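Single-letter residue listing:
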Amino acid sequence: MVSKLTQNHEVQQMDKMHTQVFNNIFETIGHTPIVSLQHRLLPEGKTLYLKLEQFNPTLSIKDRTALGLIQAALETGKLKPKGTVVESTSGNLGKALAMLGAAMDFKVIIVVDPKVSTKNLNLYRAYGAQVEMVTTPDEHGGYQQARIARVKEIIKHHPNAYWPNQYDNPDNPAFHCNHTALEISHLDFDLLVGAVSTGGHLSGIARWFKNNHPSVQVLACDVEGSAIFGTPFKPYLVNGIGLGWCAQNTDFSVFDYRCQISDQEAISMCHLLAQETGILLGGSGGVLVSAALTYLYRLHIRSALAVIPDTGVNYLDQIYDKDWLSDKNVKLLTFPEIMDKIRERDLA
């Protein structure tokens, strides 16, 4: 007797027979899947959708950001054919730009800091990108401002180079407003949940909903230690989220709520979901799920959608490595301890 699960799988396999053929790798960016989380973490009768940006070519939402920035630069002439792109990145945007540089035939120089993983460095170089390492932190103890200072030095020596400046370039949120938001516009949900980070994707998506479906509320999330919400900066462990300042692309007017999650809780959430759902999230995804659950428990809303920036595959040598956790003194929380934090957190 054929099980229902097997029948569903066979139908899905038939659907894949009609998969679209693309002419290049960057045409595959976007149209990422959405999973409705089925887990004991959820309050009864409520829904949490996860839009998994890990299904982009270099495994993160930064593929969208990079494509939007590069397309706009080519259209306006800021980036010349076979030109040079220089950018500061903590990881994922560098991979996306390096991939696009190889696919579109332009040179890429990526400025990184010591928090970057060896795997990411190898990926940049595999795509043919040049890597510049900043080793001295800025006055706040972080590396973002130091990386940007190095970008500006490089630009002086490459006067025709283009700096996408993901932090302050309005082409970043504009692309997400005009493209990413449309992929979730058909879904019925009450709360949009996203990572603030450089301000690009969440501000852009939120702007579209405020203009077209204003009943959808927006929860802006960050890691404890980040200074985006005006709190004092202190070093944190989770990559791909947080800044030592607030980027110009961050539009607080489209955010209804704000929430910060600790490294410990975010990493613990990642481990829990990996082991009990098979979904491997990056640390920023752990931040978003914990924050989304807090508001699902505390607000009179039925459903939330979290835009999950990337995959835990990017951090197997960090947040999923036992020796790394021990070295960083991170003790994983148990399920009851995670639930206590979710239920007891103050709303903002």
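For every chain, the first residue of the written sequence is number 1, and numbering continues from 1 onward in sequence order. Per-residue local features are limited, in this predicted model, to residues with pLDDT of at least 70; the limit for side-chain atom pairs, both in listing and counting, is 80 or more; totals at the level of whole chains, interfaces and linings are taken over all residues. The side-chain quantities take in all heavy atoms of the structure and omit both hydrogens and water.

- Looking up the protein in an unreviewed UniProt entry gives the name Cysteine synthase, with the organism given as Moorena producens 3L.
- UniProt positions are given in the numbering used here, feature names are shortened, and annotations may be inferred rather than shown by experiment. According to its UniProt record, the protein has this under Cofactor (unreviewed entry): "pyridoxal 5'-phosphate".

## Considerations on the sheet that holds strand 9 (residues 303-308)
Part 1 of the argument: Pairing is mixed in the open sheet, where six strands are placed in the order 1-2-9-6-7-8. This sheet does not close on itself; its edge strands, each paired only once, are strand 1 (34-36) and strand 8 (257-261). Direction aside, neighbouring strands of the sheet carry axes that sit 25 degrees apart on average.
Part 2 of the argument: Whether two strands pair depends on DSSP finding at least two bridges between them. Secondary structure elements follow DSSP: runs of H or I of four or more residues count as helices, runs of E of two or more count as strands, with numbering from the N terminus. Strand direction decides the pairing type here: strand 1 and strand 2 (residues 47-52), joined by three bridges, are antiparallel. The partner of S36 across the bridge, within strand 2, is Y49. Note on geometry: axes are lines fitted to C-alpha atoms, helical ones only across the stretch in contact, with angles between N-to-C directions running from 0 to 180 degrees.

## A few points about the sheet that holds strand 5 (residues 130-133)
Part 1 of the argument: Strand order across the open sheet formed by three strands is 3-4-5, with parallel pairing between neighbours. In the strand order of this sheet, the two ends are held by strand 3 (84-88) and strand 5, each with one partner. On average, adjacent strands in this sheet sit at an angle of 20 degrees to one another, irrespective of strand direction.
Part 2 of the argument: In the sheet, strand 4 (residues 107-112) pairs with strand 5 via four bridges, with the strands oriented parallel. Residue pairing across strands places I109 opposite Q130, the latter belonging to strand 5.
Part 3 of the argument: Contacts are residue-level and defined by heavy atoms, with any inter-residue pair within 4.5 Å sufficient. In the packing of helix 4 (residues 118-126) onto the sheet, the strands contacted are strand 4 and strand 5, and the crossing angle to strand 5 comes to about 145 degrees.

## Notes on the domain arrangement of the protein
Part 1 of the argument: Each domain's limits were defined by an automated method or a database of domain assignments. Domain annotation of the protein identifies domain 1 (26-56 + 169-344) and domain 2 (81-159).
Part 2 of the argument: Taken over C-alpha atoms, the centre of domain 1 sits 24 Å from the centre of domain 2.
Part 3 of the argument: Residue-level contacts link 18 residues of domain 1 with 17 residues of domain 2.
Part 4 of the argument: For the pairing of domain 1 and domain 2, the buried interface totals around 1,300 Å² over both sides, and the portion due to carbon and sulfur atoms is 49%. Take the accessible area each of two parts loses on contact, using a 1.4 Å probe, and add the two losses: that sum is the buried area.

## So, the nonpolar core
Part 1 of the argument: With 52 residues, the main nonpolar core has L41, L48, L50, V193, L219, V289 and L293 as its most contacted residues.
Part 2 of the argument: A total of eight residues in this core trace back to one element, the largest contributor, which is helix 9 (residues 283-298).
Part 3 of the argument: Discounting chain neighbours no more than four positions away, the residues touching V289 are L48, L50, M269, L273, L281 and I308.
Part 4 of the argument: Counting residues in each nonpolar core, the second largest holds 27 residues, with I148, F209, A220 and W245 among its members. Residues enter a nonpolar core if they are buried and are Ala, Val, Leu, Ile, Met, Phe, Trp, Tyr or Cys, with the set joined through side-chain atoms within 4.5 Å. Buried means the residue's accessible area, taken with a 1.4 Å probe over protein chains only, is under 20% of the maximum for its type, while exposed means over 50%, and partly exposed covers the values in between.

## Details of empty space enclosed by the protein
If you roll a probe as big as a water molecule over the atoms, it shows you where there is empty space left.
Part 1 of the argument: For cavity detection a 1 Å grid was placed over the protein atoms alone, and a set of points counts as a cavity when a 1.4 Å probe fits there but cannot get out; an open set counts as a pocket when protein lies on both sides within 12 Å along at least five of seven lines, with lining residues being those that have an atom within 4 Å of a point. Grid points are joined across faces, edges and corners, and a volume is the space filled by probe spheres set on the points. Evaluated as defined, the whole model comprises one cavity of 30 Å³ or more.
Part 2 of the argument: There is about 70 Å³ of room inside the largest cavity.
Part 3 of the argument: Around the largest cavity sit S60, I61, K62, N92, A195, S197, H201, G240 and P309, which together line it.
Part 4 of the argument: Residue composition of the lining of the largest cavity, grouped by class: three nonpolar, five polar and one charged. Note on residue classes: Ala, Val, Leu, Ile, Met, Phe, Trp, Tyr, Cys and Pro are nonpolar, Asp, Glu, Lys and Arg are charged, and everything else, Gly too, is polar.

## Focus: unusual backbone geometry
Part 1 of the argument: Not every positive phi belongs to a glycine, and D105 is a case in point at roughly 65 degrees.
Part 2 of the argument: Counting through the fold element by element, D105 comes out in the loop between helix 3 (92-104) and strand 4.
Part 3 of the argument: You will see that N329, though not glycine, has its phi angle at about 60 degrees, which is positive.
Part 4 of the argument: Residue placement: N329 occurs in the loop between helix 10 (322-327) and helix 11 (335-344).

## Describing the pairing of strand 2
Part 1 of the argument: Here strand 2 lies mainly inside the structure; five of its six residues are buried.
Part 2 of the argument: The pairing of strand 2 with strand 9 spans six bridges and is classified as parallel. Residue T47 lies in a different strand from strand 9, and its bridge partner there is S303.

## Some words on the packing of aromatic side chains
Part 1 of the argument: Ring pairs shown here join Phe, Tyr and Trp side chains whose ring centres sit within 6.5 Å, with only the six-membered ring taken for Trp; geometry is labelled stacked below 30 degrees between planes, edge-to-face above 60, and tilted in between. Summed over all chains, the structure comprises seven aromatic pairs.
Part 2 of the argument: With centroids separated by 6.0 Å and ring planes inclined at 70 degrees, the aromatic side chains of F233 and Y236 adopt a geometry described as edge-to-face. Grouping residues by exposure puts F233 and Y236 together as buried.
Part 3 of the argument: Among the aromatic side chains, those forming a connected cluster through ring pairs are F189, W208 and F209.
Part 4 of the argument: When the ring centre of F335 is taken as origin, the NZ or CZ atom of R40, which lies over that ring, is 3.8 Å away. For a lysine, the NZ atom is tested; for an arginine, the CZ atom; a charge sits over a ring if that atom is within 6 Å of the ring centre and within 35 degrees of the ring normal.

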